[in-house]
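Structural overview
Spelled out, the chains give:
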Amino acid sequence: PPARPAAMKIAVIGQSLFGQEVYCRLREEGHEVVGVFTVPDKDGKADPLGLQAEQDGVPVFKFTRWRAKGRALPDVVAQYQALGAELNVLPFCSQFIPMEVISAPRHGSIIYHPSLLPRHRGASAINWTLIHGDKKGGFTIFWADDGLDTGDLLLQKECEVLPDDTVSSLYNRFLFPEGVKGMVQAVKLIAEGKAPRLPQPEDGATYEGIQRKETARIDWDQPAEAIHNWIRGNDKVPGAWTEACGQKLTFFNSTLNTAGLEPEGEDLPIPGAHRPGVVTKAGLILFGNDGRMLLVKNIQLEDGKMIPAARFFRRAESSTLELTEEELGTAEAVRDAWKRILPSVPEVDESTDFFKSGAASVDVVRLVEEVKELCDGLELENEDVYMATTFGDFIQLLVRRLRGDDKEAECAIAYVEKAVNKLTLRMPHQLFIGGAFVDAEGGKTYETINPTDGSVLCQVSLAQVSDVDKAVAAAKDAFENGLWGKISARDRGRLLYRLAELMEQHQEELATIEALDAGAVYTLALKTHVGMSVQTFRYFAGWCDKIQGSTIPINQARPNRNLSMTRREPVGVCGIIIPWNYPLMMLSWKTAACLAAGNTVVVKPAQVTPLTALKFAELTLKAGIPKGVVNVLPGSGSLVGQRLSDHPDVRKIGFTGSTEVGKHIMRSCALSNVKKVSLELGGKSPLLIFADCDLGKAVQMGMSSVFFNKGENCIAAGRLFVEDSIHDQFVQRVVEEVGKMKIGNPLDRDTDHGPQNHLAHLKKLLEYCRRGVEEGATLVCGGKQVPRPGFFFEPTVFTDVQDHMFIAREESFGPVMIISRFADGDVDAVLTRANATEFGLASGVFTRDINKALYVSDKLEAGTVFVNTYNKTDVAAPFGGFKQSGFGKDLGEAALNEYLRVKTVTFEY
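About the cut-offs
Residues numbered from 1 in each chain as written. Predicted model: local features only at pLDDT ≥ 70, side-chain atom pairs only at ≥ 80, totals over all residues. Heavy atoms only, no water. Helix = DSSP H or I, 4+ residues; strand = E, 2+ residues; numbered from the N terminus. Polar contact = N/O pair within 3.5 Å; in protein donor to acceptor, adjacent residues only side chain to side chain. Contact = heavy atoms within 4.5 Å. Patch = residues over 30% accessible without salt bridge, like charges linked within 9 Å, V, L, I, M, F, W, Y side chains within 5 Å. Areas by Shrake-Rupley, 256 points an atom, 1.4 Å probe, with all protein chains shown as cover. Salt bridge = Lys/Arg side-chain N within 4 Å of Asp/Glu carboxyl O. Buried < 20%, exposed > 50% of the residue type's maximum accessible area, 1.4 Å probe, protein only. 1 Å grid on protein atoms, 1.4 Å probe; cavity = no way out; pocket = protein on both sides within 12 Å on 5 of 7 lines; lining within 4 Å. Points joined across faces, edges and corners; volume = space filled by probe spheres on them. Nonpolar A, V, L, I, M, F, W, Y, C, P; charged D, E, K, R; others polar. Pairing = 2+ DSSP bridges. Axes fitted to C-alpha atoms, helices over the stretch in contact; angles between N-to-C directions.

Under an unreviewed UniProt entry, the chain has the name Aldehyde dehydrogenase 1 family member L1 and belongs to Ovis aries.

Given below as structure tokens:
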């Protein structure tokens, strides 16, 4: 490994968790922190930076002030100079440090500032970044001088500011974690003698004063976006406020995403506002002077209590819960945590207010973490503490969460409702990102079509590249910081079992949506599309706590001993790109294994069949799967799929689709960040039918091998090889059976054959059959569009198909049976013909001769071989292809390996 730069003697001057983290990282890098200068204790509590340094035995100084009457205090300066620091590092400092200290070290002093200087100089830089609606934010590390944030630039990093970012979210997502890394990088550059000193330009420089409560009043005479920016720019501190209902109300958690919301509810008159606010089930709708809406989800009352905005007029309705013995025990454990956090409070009773007792924002984080430890991983939001500030209210909120009774936390969903199949379908139609249904960037949508009659089912949000980035960020945060990675594997399995139960409870609705959106025959959708999806989640739920490594005997480093073991770990954020033929089942095959392994996921359903994936997203919420773990983005493959393949934070892509697209994805995965990838691609599966077979069963299964799910089946028998002596009889019986198939509305219970998935595919099938006839194959039946509304295609049979023909080589992905003869008894010749394809997904053989069956199954070059059956897949049996049909497995234990990485850990003792 490269040598570390020379260690330096550093004085850390500042405070807060940020300062603590920078301090710890500098020590890890080998630098000597000769002293820490932080703020005095407040209410008996030490700042985290000072507390950590004291534990490490590093000298800690807590000066009340550094200067008096404009002059540095000599005693303070002397104590500082005695340490011999070569560099001052100021990660976050609220005190004014005199130039006698700033200029003293050999390398001077560097300061972290949370904006892209020279923009937003001053102490409220993050607030003003949001208030001004900046699209880019970031931080600067600069060389301190005697001006106010005017020193030479050393390092800057920028990030996108998301539309609903608050001070907290921007800080937690980027400014804190990347800022810590930036400070460490800056010190490294200084140690290596490579640190630049770039004069700050004055062009574009701004300075804004400190945001205080008295200056944070909302000006209602401006557009909705400006009001939203003002609210989020003051969220959480100091809080944007207005006068209403005779008191001061402070607004938090604002969004411009109001798609599907109607301003229906109880009016909240606001003096000076363009029109009254409206308290709705989703929160408080406010209006700008441009007539546009924004939504506020939390309100702080004048007494300091935070409430959901939706409950503004219902504050007195909630009843007090009576606690069980176990819950009383939990309450006492939480009381002890409050006592530890609030040492100046002699006794914590029901009326003790967390903040009025001296708690600061850092204590909110600590309380959330304490609760997580005490309550088996229960993850509260910081907002929960602000909404229940007294101990009694906090315990009530906590118990409701533990019981799962917290209805206020439910996500607002804008549904498209349809009365069909004796059901009222409620179909989400927006993107699902970070546990919420949201509009696509720019409000872009597209139409999803019912293939039964060609009508528009609904408008669906069309994801853009920026939406992919948001979804990946949500998944990454859920993986690295969320509850999902902290709960036990058994609890993860419990959540997946619950999801499977919910899918089963909603099976009629899911199957009906598949019929409407994909043209799936309803009875088949119940059994296969939905039924196997439920089975898949149940199967992988059982695997969650059985993913384990091994211990390995290795050579001992005598006289010491060694132990080597492996761990199977989740890979991180996974992108799953699914096809349109089995929308829910293909999602389940990949997502269940992915989640069981502990990953988080961004799912891109096929653009033409998004609705069951979005309904599935809703069920993950009901199941209690933490937000950000599952994200669903309807959209185009060229945009959404491509960005997932290219994204540096995605560590695995699972794809089912065409070989051509699979190759492109594989290339993108390699060039971006060498992602792990599994591909289930095209097929031209051969089915060999020997004369010694059970002919009745061969006809029945042969029909199923081709016409199952309208032929839109990845393992469909793309070519049937029938032994010469039974060929004509087989064809005759197949044609008779085809004549009995009922083509019709997929929701009718007696329908055998529904519409093809979409119009472009129907046209492709017509062209496919035209080429077959043109090349000389015999069209026995079918080959035409059914003369009725919708995308119906006749079940088709070709015979006399020669090996060189287009239809012998290429997949139709439709209800087209391709039959070729082979000479009686010529097993090896027909095997050569069957294997003469670049595809190798599935295959089949029908024979009563066990020796022949074993021989043929050995020789067939395919990932699955069916013997005297077809389409018999099971959740416990691995599924995947050979050759250009792809690699990697779905289903079975083998599928878990696609979403795991193996780490070797070796000990010496």
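A few points about the side chain of D235
On the secondary structure map, D235 appears in the loop between α7 (224–233) and β10 (240–244). Reaching out from D235, the side chain makes a polar contact with the backbone nitrogen of N253 at a distance of 2.9 Å. Residues contacting D235, with those up to four places away along its chain left out, are T166, V167, S168, F252 and N253.

As for a nonpolar patch on the surface
A cluster of nonpolar side chains, L563, F907 and Y909, forms an exposed patch at the surface whose accessible area comes to about 310 Å². Among the secondary structure elements, L563 is positioned in strand β24 (residues 562–570). L563 gets classed as partly exposed once you look at its relative accessible area, which sits at 36%.

Looking at the pattern of salt bridges
Applying the stated criterion to the full structure yields 47 salt bridges. A salt bridge links K62 to D41; the nearest nitrogen and oxygen atoms lie 2.7 Å apart. Here K62, found in the loop between β3 (60–61) and β4 (67–68), pairs with D41, found in the loop between β2 (32–37) and α2 (48–55); they are 21 residues apart in sequence, far enough to count as distant. Judged by its relative accessible area of 25%, K62 is partly exposed.

A closer look at empty space enclosed by the protein
According to the stated counting rule, one finds 5 cavities of 30 Å³ or more in the structure shown. The space that makes up the largest cavity amounts to roughly 100 Å³. For the lining of the largest cavity, the elements supplying multiple residues, two or more each, are β31 (717–723) and β34 (816–822). Of the residues that constitute the lining of the largest cavity, the class distribution is 7 nonpolar, 7 polar and 2 charged.

Some remarks on unusual backbone geometry
In the segment running from L117 into P118, the intervening peptide bond is cis, with an omega of 15°. With respect to the helices and strands, the residue P118 is situated in the loop between β7 (109–113) and α5 (125–131). The peptide bond linking R558 to P559 adopts the cis configuration, its omega dihedral lying at 5°. Following the sequence through the fold, P559 ends up in the loop between β23 (551–552) and β24. Located in the positive-phi region is S16, a residue other than glycine, with phi close to 80°. Along the chain, the position of S16 falls in helix α1 (residues 16–28). Positioned with a positive phi, F813 is a non-glycine residue whose angle comes to about 55°. Residue F813 is classed as buried on the basis of its relative accessible area of 16%.

Focus on the sheet that holds strand β9 (residues 153–160)
An order of β3-β2-β1-β6-β7-β8-β9 is seen for the 7 strands of this open sheet, with the pairing classed as mixed. Whereas interior strands pair on both sides, the edge strands pair on one side only; in this sheet they are β3 and β9. Contacts from helix α6 (residues 167–191) reach β1 (9–13), β6 (87–90), β7, β8 (136–143) and β9 within the one sheet, and its direction differs from that of β9 by about 155°.

Here we look at the sheet that holds β23
Across the sheet, 3 strands lie side by side as β23-β24-β40; this open sheet has antiparallel pairing. Looking along the sheet, the strands with just one partner apiece sit at the ends: β23 and β40 (900–908). Pairing of β24 with β40, which is carried by 9 bridges, proceeds in the antiparallel orientation. Across the sheet, residue T566 finds its bridge partner in β40, namely T904.

Section: the pairing of strand β33 (residues 796–799)
What you see with β33 is no split at all: T796 and F798 on one side and V797 and T799 on the other are buried throughout. Pairing analysis gives 3 bridges linking strand β32 (residues 778–781) to β33, with the strands arranged antiparallel. The residue bridging T778 from the neighbouring strand is T799, located in β33. Relative to β34, β33 runs parallel, the two sharing 3 bridges. Pairing of T796 across the sheet is with V816, part of β34.

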